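Single-letter residue listing:
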Amino acid sequence: MGFFAPEPVWETTLVTLDGSAAIHERLEEWFGAFDELEFEVEEILDLGNGVTFTVVNQRARPAGSSSSGGYMERQEALIGVWEQGMVTHATTYLDIDEARAAAEHLAEERG
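This section reports on the structure supplied with the text. All figures in this text were calculated on a predicted structure; none of them were measured in a lab.

## What about the sheet that holds strand β4 (residues 51-62)?
Line of reasoning, step 1. Reading across from one edge, β2-β1-β6-β5-β4-β3 is the order of the six strands in this open sheet, with mixed pairing throughout. What marks the edges here is a single partner per strand, and that holds for β2 (16-18) and β3 (34-48). Neighbour-to-neighbour, the strand axes of the sheet open up by a mean angle of 20°, direction not taken into account.
Line of reasoning, step 2. As judged from the three bridges shared by strand β1 (residues 4-11) and β2, these two strands associate in the antiparallel manner. Bridging across to β2, Glu11 finds its partner in Thr16.
Line of reasoning, step 3. Along the sheet, helix α1 (residues 20-32) makes contact with β1, β2, β3, β4 and β5 (72-83), crossing β1 at roughly 60°.

Reading the values: the criteria
Residues numbered from 1 in each chain as written. Predicted model: local features only at pLDDT ≥ 70, side-chain atom pairs only at ≥ 80, totals over all residues. Heavy atoms only, no water. Pairing = 2+ DSSP bridges. Helix = DSSP H or I, 4+ residues; strand = E, 2+ residues; numbered from the N terminus. Axes fitted to C-alpha atoms, helices over the stretch in contact; angles between N-to-C directions. Contact = heavy atoms within 4.5 Å.

See below:
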């Protein structure tokens with residue numbers, strides 16, 4: 001969590017998390033829900049003006065499922081807003097094209 005600003009906001013697909021404690025708690029819940037969890041960064045772009053766009057693939061086996069099956073895969077995009085080397089705001093999207101357009105618009109808007 002060292003790259004988050006002191007009071008970050010993270011808009012996920014389900015809820016908005018305000019502050020480091022809320023983000024940390026949600027991440028612990030997410031990681032705890034799986035016996036195996038892998039992340040692969042497919043793409044990461046610095047769009048300028050403190051905006052990044054990242055596409056991440058997740059592959060996970062839910063806790064308690066058999067090791068021979070039960071895997072889930074999910075692709076998501078993250079838009080990060082950075083100030084002084086720290087993320088102040090992050091937004092998660094499941095629609096990669098929508099996220100890319102939003103990130104490009106945000107970078108232009110902040111320019």
